[in-house]
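Below, each chain spelled out in residue letters.
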Amino acid sequence: MQNDPDKSGSQKAAEDEVEGFKQELGPFVVAAETTRMAMVFTDAKKADEPIIFANDSFLSLTGFTRNNVLGETFKSFLAPNCDARALEQLEAAFKDASDGDPELCLKRQDGSIIPTSVFVSPVCDERGDLVQNFVSFVDLTKHRQEQAHLRFLLDELNHRTQNTLATVMAIIGQTLRGMADDDLIAKLEKRVLALSKANSLLGAENWDRVGVRDVLDRILAPFGLNNGQDCKFAIRGENVRLQPKVALTFAMVFHELATNAVQYGALSEPDAGLIEIEWSVEPAQGRELRLRWREVGGPSVGPPQHKGFGSRLIERGLAQELNGSVQLTYDPSGFVCEIKMPAPQESVQAPS
Amino acid sequence: MNNLVSARRVLVVEDEVMVAWAVEDMLTSLGYTVVGPAARVDQALSLIENGSVDAAVLDINLNGEKSYPVADALIARGVPFIFSTGYNKTSVHTGYLGYTTLQKPLDGSILEKALAELLVPTMRMP
């Protein structure tokens with residue numbers, strides 16, 4: 001584009017125009033010329049938005065000279081393969097119909113690429129007609145690098161956590177094998193495994209919120225959730241997003257409930273039972289998350305002889321940690337666990 | 001124990017000693033014969049060169065070294081394998097996304113199912 005033979009004419013016109021508003025807007029033009037934020041003005045009366053002014057910061061950001069820039073179309077400074085959505089946003093902004101600030105990559109003179117956030121402000125004349133677009137750029141290079149570094153650190157932390165938990169499981173197995181009952185060892189290992197699954201889910205979501213359904217998917221997979229027609233679970237509810245702490249507790253609780261079902265409840269006899277898991281967010285008392293785990297078709301159940309890890313976790317863990325209430329019903333027709341707790345704010349995943 | 005299963009030789013590639021023991025124990029209790037464990041790529045490659053292997057469980061990150069060359073050697077011989085990783089599954093190199101990847105710590109029941117699927121000849125991975 002630098003070798004355009006028609007350049008001198010369009011450049012001259014652009015320079016004249018800048019000279020015009022320099023005289024009108026004196027101090028503002030000096031400010032625009034000297035600010036550290038990269039800025040250009042484009043001629044909005046022409047379809048391809050040629051650049052009629054570029055400040056020093058824009059030139060140092062892109063590596064071009066003023067002669068390279070003036071009269072050239074705005075788009076000729078964009079990197080190839082720009083995000084289509086961001087280009088749509090740019091087009092809209094140029095027409096004074098902004099629908100968000102696009103993030104677009106600029107192409108530097110040396111061919112390298114700079115990610116930027118682009119802000120377009122329309123400039124209208126006295127009659128209200130759009131005459132110019134004022135475009136400023138925030139260099140996102142450092143921001144992107146920091147994001148990548150954070151992502152890297154988080155990945156490392158997740159990896160370390162998973163490996164540590166894998167090592168804890170190995171220590172349990174190596175220490176107890178031959179000395180303790182195999183069922184006991186398996187029980188212990190599986191609890192650590194449930195904890196690690198919840199951790200890995202949270203890790204995958206950057207320790208942000210995790211959906212109830214995602215927790216169930218991960219925790220119930222070894223209990224045959226994905227066994228197609230043989231699946232013993234009927235699950236219904238929106239993917240309500242839980243805070244990390246709640247997700248961890250839910251993961252452990254679902255694991256204990258499923259383990260109990262295998263030992264005593266609906267999953268203890270082949271082909272007999274089914275577990276229905278349903279939840280919803282109800283408007284009552286603020287917003288309340290209500291979840292019901294109901295076992296049907298299994299053997300007749302009664303209250304446990306003593307309260308072990310599982311029932312303590314469910315009754316106390318949920319009630320105390322989540323500020324909720326839990327009701328366990330040992331109905332002869334099947335065990336029922338009902339959980340009520342304050343619903344997390346903005347807890348339903350927006351449809352994507 | 002299923003005679004067919006016990007004849008299967010499964011290579012374990014894992015750099016963390018105790019985790020490797022756990023995987024060995026899991027495979028042994030499922031009735032497989034363990035080859036290795038190998039903690040490095042070169043060890044794994046020489047185990048593949050020198051003996052018959054029917055399947056493999058590969059930790060992706062071996063103390064900073066990636067186990068993809070081991071995967072390539074297995075692919076070249078038509079030997080099915082499973083990746084295991086403590087990283088997010090999305091961190092698997094794009095060229096290997098078609099292969100089964102299990103999250104560490106390994107879940108014995110899920111490993112059992114995954115290996116059984118791999119070792120059914122008609123279900124072999126791409």
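The preceding data block contains the structure.
Structure report, in brief. (Residues numbered from 1 in each chain as written. Chains lettered and ligands numbered in written order. Predicted model: local features only at pLDDT ≥ 70, side-chain atom pairs only at ≥ 80, totals over all residues. Heavy atoms only, no water.)

### Thoughts on the sheet that holds strand E10 (residues 288-296) of chain A
Residue and element names in this part refer to chain A.
Then comes step 1: In spatial order, the strands read E7-E9-E10-E12-E11; together these 5 strands make up an open sheet with mixed pairing. Only two strands of the sheet have a single neighbouring strand rather than two, namely strand E7 (233-236) and strand E11 (325-331). On average, each strand axis in the sheet is tilted by 10 degrees relative to the strand beside it, whichever way the strands run.
Then comes step 2: Pairing of E11 with strand E12 (residues 334-342) involves 7 bridges; the strand directions are antiparallel. Within the sheet, the bridge partner assigned to Asp331 lies in E12 and is Gly334.
Then comes step 3: Against the sheet, helix H9 (residues 309-321) makes contact with E11 and E12, and its axis sits at roughly 155 degrees relative to E11, the strand it touches most. (Pairing = 2+ DSSP bridges. Helix = DSSP H or I, 4+ residues; strand = E, 2+ residues; numbered from the N terminus. Axes fitted to C-alpha atoms, helices over the stretch in contact; angles between N-to-C directions. Contact = heavy atoms within 4.5 Å.)

### Looking at the interface of chain A and chain B
Then comes step 1: Taken together, the contact pairs 25 residues of chain A with 18 residues of chain B.
Then comes step 2: For the chain A face of the interface with chain B, the top three residues by lost area are A:His159, A:Asn163 and A:Gln174, together amounting to 26%.
Then comes step 3: The interface formed by chain A and chain B includes 3 salt bridges.
Then comes step 4: We note a salt bridge from B:Asp25 to A:Arg177, for which the minimum N-O separation is 3.2 Å.
Then comes step 5: Put simply, chain A and chain B have 6 residue pairs in polar contact (both at pLDDT 80 or more) between them.
Then comes step 6: Listed by contribution, the elements that provide at least two residues to the side of chain A that touches chain B are helix H5 (141-176) and helix H6 (182-204) of chain A.
Then comes step 7: Ranked by the residues each element gives to the side of chain A that touches chain B, the list is headed by H5(A), at 15 residues.
Then comes step 8: Of the residues assigned to the side of chain A that touches chain B, the class counts are 9 nonpolar, 9 polar and 7 charged. (Buried area = accessible area lost by both parts, 1.4 Å probe. Salt bridge = Lys/Arg side-chain N within 4 Å of Asp/Glu carboxyl O. Polar contact = N/O pair within 3.5 Å; in protein donor to acceptor, adjacent residues only side chain to side chain. Nonpolar A, V, L, I, M, F, W, Y, C, P; charged D, E, K, R; others polar.)

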